[in-house]
Structure formats: structure tokens, C-alpha cells
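Descriptive analysis of the structure
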There are 2 protein chains.
Amino acid sequence: MKKFMNDPRNVLAESLRGFAAVHSDLVVVDFEKRFVRRKSLKQGKVALVSGGGAGHEPLHLGFVGEGMLDAACIGQIFTSPTPDQIVAAARAVDTGSGIVFIIKNYEGDRMNFQLARDMCGLDIHTVVVADDVATANSAMGIGGRGVAGTVVMHKILGAAAEEGLGVQELQALAQRLCSSMRSMGAALASGTVPEVGRPTFVLPENEIELGVGLHGEAGRQRVQWLGAAELAGKMVETIGADLPRRGDALVLVNGFGSTPLIELYLMYDAFAAELLRLGIRPVRRLVGSFATSLDMAGCSLTVALLEDDLFRLWDSPAHTATMRW
Amino acid sequence: MKKFMNDPRNVLAESLRGFAAVHSDLVVVDFEKRFVRRKSLKQGKVALVSGGGAGHEPLHLGFVGEGMLDAACIGQIFTSPTPDQIVAAARAVDTGSGIVFIIKNYEGDRMNFQLARDMCGLDIHTVVVADDVATANSAMGIGGRGVAGTVVMHKILGAAAEEGLGVQELQALAQRLCSSMRSMGAALASGTVPEVGRPTFVLPENEIELGVGLHGEAGRQRVQWLGAAELAGKMVETIGADLPRRGDALVLVNGFGSTPLIELYLMYDAFAAELLRLGIRPVRRLVGSFATSLDMAGCSLTVALLEDDLFRLWDSPAHTATMRW
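Residues numbered from 1 in each chain as written. Chains lettered and ligands numbered in written order. Predicted model: local features only at pLDDT ≥ 70, side-chain atom pairs only at ≥ 80, totals over all residues. Heavy atoms only, no water.

**Digging into the sheet that holds strand β5 (residues 71-77) of chain B**
Residue and element names in this part refer to chain B. One open sheet accounts for 6 strands, arranged β1-β2-β5-β3-β6-β7; its pairing is mixed. At either margin of the open sheet sits one strand with a lone partner, and together these are β1 (27-30) and β7 (124-129). Across the sheet, the mean angle separating the axes of adjacent strands is 20° when strand polarity is ignored. When strand β6 (residues 99-104) meets β7, the two strands line up parallel, connected through 6 bridges. Bridged to K104 within β7 is V129. The strands touched by helix α2 (residues 83-93) are β2 (35-38), β3 (47-54), β5 and β6; relative to β5, the strand with the most contacts, the crossing angle is about 165°. (Pairing = 2+ DSSP bridges. Helix = DSSP H or I, 4+ residues; strand = E, 2+ residues; numbered from the N terminus. Axes fitted to C-alpha atoms, helices over the stretch in contact; angles between N-to-C directions. Contact = heavy atoms within 4.5 Å.)

Have a look at this one:
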């Protein structure tokens, strides 16, 4: 394992220090409780708090700011933040208008955010993102994992909160988004957790892990290497089978950390062709590495079938470390 | 080699098709002559044309748009665009107010852009970016290669052109920027050219290529793996020795394609500490993968000591596929 680091145990702390310095115009970092909060809070607005294990950067800290999250809690690498971190973040951004926790669907995250809610004594509601079709209907019974669709949730709910919507309305919006958003990933090679020092999984040179999770969890199946068109066909077919309808879509092609942009744009081209064949029209597009798995090589496709009001929220201004428009 | 692609020979064409679809609001792509141009040209403005081999995405095509480039020509992977491509791009964006070619300092690029200028019959001036200290004073006699500082040049010259500066003033600005901007890279692992199918170079598990170029060219020396702080110390020392002064700086930490953001922010933290020790204060910061080398693992540091007018140009609005503020 070769990485840019000093002591492997300090990767997160030192990276966070860099992040705080680079984006000091937008955010404030609490290094003790490890959360990032929006620098200027907006009074009277529902506060959105999310978070999860580190190693998925820019998720979640890159999405803290105007029009998106009010705070993001950062756990150890691939480990849920603890309830006391979440409580501290919630208190730091509460303006008395209610709080919504945006939680990725993992057992640890759900438990810790729920515990934090109970401990907090504030008016807190929750939204769970579970967009991964690879596990959605599996025998494991956990439902879909929360993957790159979380970025879409941050953006759309963030815009709605910025406009002054209340907690009930935000929850209803989130439900609508969840019902029409699906993701699926494929890995070419594992990432490596610094403190572990060896790849999370080993994939033979000629195989692809189809349906891989954001922590390198095994997916649906290992397949022989496929050309981009054929791979896109399989992924779009799986996503399409789980979507409730066809129509205009927001399409996110997300890199897992070590896949270069030239390949991500190529995959967009392949996905778009397959989506059109299925009657799904990409009318909003985002390509880049937004929800990563350290240095895993791979990408995911997220398709969200939106109605006009949700497209409008997607298009609304945002100003965070990673997203600005 | 495992990549997201179909036929290796079509990687560039298919990726470019994806790029064109994703950013159709900002740019128009000429697929035959392989250049990307700004969708709405601004009359009376000096046109900025750059380009180079593919494989460095988002350089250059991601920087075409308002406040940056008018056109970017895209050669085959790691190969200069041909003069006829450059001529076509220049003609497509000429509004009669002069053209500036921004050229990275490589023999092939210099030759082809010069040939294009001679063939074009338009009022064309050139700016050469040669920010790489690794080769700046080497016996090879080529001067510094053009590396990630090219992004800074695109931004600052782009803002100045947008404000209506003429070709002479733009050239003078470029000269000022070149005189106070230096870069240096370090690789942990080689990238792989799709049509070649094997890594460009082989680096033992415990070594770093110090001073590596954007195509994986050998740098100054191979060293045993170093911790981030020590590596940053070496790189900052080399850059600092070649800079004409100390003071307020724009600092760009650039990933080479397969280095995740968590490591880049960690390196920012390490670089900033070393820069401060030298009397160089980072007052503008940019961290991400902007000038890449396919899937090379590594990063570079660019330091530009700017005066107030150049900081102001850096801060001016831009709206391209990759940069927006």
C-alpha cells in the first residue's frame, strides 16, 4: 500500500485539517467532535444534518453550505459517526425550526442517528436514503444501501430547506425522491483502508464486481470483464426493472475514487444510450467522483425520475466546497 | 489492464461524446476536428485557444466557457493536437479581436501550435506555460514542462480576456504569471494508456517518482516512500528555491487521476505547513484533480505568487464544465 499520508492512524485528522483550511470561507470544523458545519447559519430554516464514515469524500463534508447541508458528521473510515458527534452537530446548527437527519441505510448509521435523536431533546425528524438496487430485494433483508443517491438527496432537500419548507414537507419530498431514485455500482479494483494496509477485496484481473457497495461490500455477482456498452446495459436493466416508471431523469455517473474523468464521461455515453432505449431521458446530468470508496476503481449510476418541482430544486443555487451553481 | 471502455481505440471519441452531452449547455464539440468551443462567443473579446493530448482531463476541455477558454483542441492520448485541428478551432472562435494560443511547453505542442498559427492567416499570439521545476534547470535543456499551472493560466488569462484586455496586455499578464508560478509532481503509481495496455512505468511498491511529468515521464529522482510531511518538505523546498520571492500565494494541489480527495486534502495540510515555514502564505487554495495523467496515482503542488490584480482575476466569475464561481 502506498498512500499520501504520515501515520495511517492520522489520515482523517490531517485531511480534515486540510479541508478546513481550504474551505474556511464556507465552513467551520469542530475537530474534537469531528463535524463540519455551515459558517453562516440561516435563522428560521430547518437544519439538515447528515454524515457517515470517512473515506467517501467529498460525501458528506463537501456538501455542507448554502443550499445543501447545515452539518456533516464524520466517523472513522468506513465507520458510523458516534451519537455524541451527531448530538454536537445538531445542537451547533439548530435554530429552533426543526432538524432533519439524512441517514444512509446502514445498520450502524441508523442506530447512531436514532440514538442521537433520542439523546438530543430537539425536534428531530429522519430521512433514510436506500437507493442501491443491488441489495434492495436481496435475501439479506436490509433493503437498499444508501449510496450516491445521497448526493441528490442533499441537493434537493437542501434547496427545499433553504426556501423555507417545514419538516413535514421536507419528509414528503424525500419520500417522493426515494421512491423514484435507484443506483448501482461496479468495481474494477478494491480500495485500501490506510490502517488495514491491504485491499478490502481481491478481484482477479479479468473480473468486475457488479453491485458493489460504497465500502467495497460484495455486490450481486462477479462477472468477466465487460465492455462499457454491455456493462451499462446490465446496470441500466437492473435499475430500470426497479424503477416505478419511465420519463425525464436526473442521471449521476459517480466515480469511486480512482477512476479518471475520461472513463466516467465514456460511461455516461454508454449509460445514456441504454437509458434512452428504455424510455428514460437524461435531462439533468452530473459526472464526477462524489461518493467514493477511498481509492476503489469503479463507478456507479444513479437515476432519479423527477417531476418539475424537484428538477427546479436540483437547479436552485448551491454553494459548498464541492457543488456550486 | 481493466478500464471502463469498449474498443481501446475509441476511448477518446466515446468519452468526448459523453462530455458533449453532459455539458451541452456550455459547449459545442466538433467531433471531426476534435475541439471543444464555448457555446456563445463574446464579440470583441480576444479568443483564447489551448489544448493538448487527451488523458489529462479535465484539462483542457473542462475549462472552456465563460471567463476561461474559448476553445480547446484535443489530440490523441498524450499526443499533441494536429495543426489542422488547431486552425479549425481558432477559426471557429475568432471574432476579429485577436487570438492567443496558450501552449504547454512540449516540443510537439509548440511545433503544432506554431504551424497552425502560420497556416491560419489570423492575428495570433502565443503564451507558453512552463511551470514544472523538475525539468526547469535540467541538462535536457527543454525548460520546464507545462503542467498544472496551465489551469491557473487559463483562469487568470480567461478572466482578463473576458474583461476586454487586448493581446499585448494578455501577453504581459501571462509573463508576470509565468515568472512567479512553479509546480512539481510526485507519483505513487503509473497510469495506463488504453491502447498500450500496460503501465507507462513501473515503480516498486516502496518508491515514489519525484518530479514526475504529466505523461508519467521520469522526474528528478526516485526516492524511498516518504511520509506526507517529509515529501511536502522536499517538494516545497525545490519549488521555493526556484521562486523569485516570498509572499501571498495561490496554492493548487492537483491529483493525477487516481488519488482520492482524502489524500489530496491531507497533502494540502502538509504543503501549507511547509510553505508557511518558507514565508509563503496560501491565501487562495484549490484542491482536486484538474490536470491528470489518466489513472496515475500522484499529486502535484503549484504555487503562484500573485499581486492583487492577479488575485482579483482569479476570483472573477467563471462558468465552465469544471470551474464555476
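**Focus: the relation of the copies chain B and chain A**
Rotating chain B by 180° about the axis while translating it 0.0 Å along that axis superimposes it on chain A, leaving an RMSD of 0.0 Å. Considering both components of the superposition, the chain copies are consistent with a two-fold axis. Minimal C-alpha distance to the rotation axis in chain B is attained by S258(B), lying at 1.8 Å. When the interface residues of chain B are mapped onto chain A, 100% of them are again interface residues, pointing to one common binding face. (Least-squares fit on C-alpha atoms with pLDDT ≥ 70 in both.)

**Here's the deal with unusual backbone geometry**
Residues and elements named next belong to chain A. With an omega of 10°, the peptide bond running from E57 to P58 counts as cis. When you line up the elements, P58 lands in the loop between β3 (47-54) and β4 (65-66). Omega for the peptide link from L59 to H60 comes to -10°, which places this bond in the cis form. Considering the arrangement of structural elements, one finds H60 in the loop between β3 and β4. Despite not being glycine, R34 shows a phi value in the positive range, around 50°.

**Description of the interface of chain B and chain A**
With 52 residues of chain B at the contact, the number on the chain A side is 52 residues. Area buried by chain B at its contact with chain A is led by K2(B), F4(B) and I262(B), which between them contribute 22% of it. Counting across the interface, chain B meets chain A through 4 salt bridges. Of the charged contacts, one joins D269(A) and R17(B) as a salt bridge, the two residues approaching to 2.7 Å between their closest N and O atoms. Listed by contribution, the elements that provide at least two residues to the side of chain B that touches chain A are α1 (11-22), β8 (181-189), α7 (228-242), α8 (261-277), β12 (280-288) and β13 (297-305) of chain B. (Buried area = accessible area lost by both parts, 1.4 Å probe. Salt bridge = Lys/Arg side-chain N within 4 Å of Asp/Glu carboxyl O.)

**Side note on the side chain of T135(A)**
Residues and elements named next belong to chain A. Within the fold, T135 resides in helix α4 (residues 133-136). Judged by its relative accessible area of 2%, T135 is buried. A polar contact is formed between the side chain of T135 and the backbone oxygen of G143, at a distance of 3.1 Å. A polar atom in the side chain of T135 sits 3.1 Å from the backbone nitrogen of R145. (Buried < 20%, exposed > 50% of the residue type's maximum accessible area, 1.4 Å probe, protein only. Polar contact = N/O pair within 3.5 Å; in protein donor to acceptor, adjacent residues only side chain to side chain.)

**Thoughts on the pattern of salt bridges**
All names here are of chain A. All chains considered together, the criterion is met by 38 salt bridges over all chains. A salt bridge links R38 to D70, with the shortest nitrogen-to-oxygen separation between them at 3.9 Å. With R38 in strand β2 (residues 35-38) and D70 in the loop between β4 and β5 (71-77), this pair connects stretches of sequence that are 32 residues apart. Three or more residues joined by partner-sharing salt bridges are found here, namely R38, K42, K45, D70 and E162.

**Some thoughts on a nonpolar patch on the surface**
Residues M111(A), L115(A) and M119(A) make up a contiguous nonpolar surface patch of about 300 Å² in total accessible area. Structurally, the position occupied by M111(A) is in helix α3 (residues 107-120). (Patch = residues over 30% accessible without salt bridge, like charges linked within 9 Å, V, L, I, M, F, W, Y side chains within 5 Å. Areas by Shrake-Rupley, 256 points an atom, 1.4 Å probe, with all protein chains shown as cover.)

**Observations concerning the environment of D295(A)**
Locating D295(A) in the fold gives a position in the loop between β12 (280-288) and β13 (297-305). Residue classification places D295(A) among the buried positions, given a relative accessible area of 17%. Residues D295(A) and K3(A), 292 residues apart in the sequence, show an inter-C-alpha distance of 9.6 Å. Apart from residues no more than four positions distant in its own chain, D295(A) is found in contact with K3(A), S190(A), G191(A), T192(A), S258(A), S258(B) and P260(B). Separated by 2.8 Å, the side chain of D295(A) and the backbone nitrogen of T192(A) make a polar contact.

**Considerations on the packing of aromatic side chains**
With the rule as written, the count across this model stands at 6 aromatic pairs over all chains. A ring pair is formed by Y265(A) and F19(B), whose centres lie 5.2 Å apart and whose planes are at 75°; its orientation type is edge-to-face. Taken together, the residues Y265(A) in helix α8 (residues 261-277) and F19(B) in helix α1 connect one chain to another. Judged by relative accessible area, which is 6%, Y265(A) ranks as buried. Among the residues examined, F19(B) registers a relative accessible area of 1% and is labelled buried. An angle of 70° between the planes, with centres 5.3 Å apart, marks the rings of F101(B) and F113(B) as edge-to-face. Taken together, the residues F101(B) in strand β6 and F113(B) in helix α3 (residues 107-120) connect sequence positions 12 residues apart. Note on F101(B): relative accessible area 0%, which makes it buried. (Phe/Tyr/Trp six-rings, centres within 6.5 Å; stacked < 30°, edge-to-face > 60°.)

**Here's the deal with α8(A)**
Here α8(A) spans 24 Å end to end across 17 residues, near enough to the 24 Å set by a 1.5 Å rise per residue. A large share of α8(A) lies buried, amounting to 14 of its 17 residues. (Expected span 1.5 Å × (residues − 1).)

**Comments concerning the sheet that holds β8(B)**
Residues and elements named next belong to chain B. Read from one edge to the other, the open sheet built from 6 strands follows the order β10-β9-β8-β13-β11-β12, with strand pairing classed as mixed. Sheet topology places β10 (221-224) and β12 at the edges, where each strand pairs with a single neighbour. Across this sheet, the average inter-strand angle for adjacent strands is 20°, counted without regard to direction. Of the strand pairs in this sheet, β8 and strand β9 (residues 207-210) are connected by 2 bridges, and their pairing is antiparallel. In the sheet register, A186 faces β9, and the bridge partner there is L210. Contacts from α8 reach β8, β11 (247-255), β12 and β13, with the element oriented near 170° to β12. Packed onto the sheet, helix α9 (residues 308-315) meets β11 and β12 and runs at close to 20° relative to β12.

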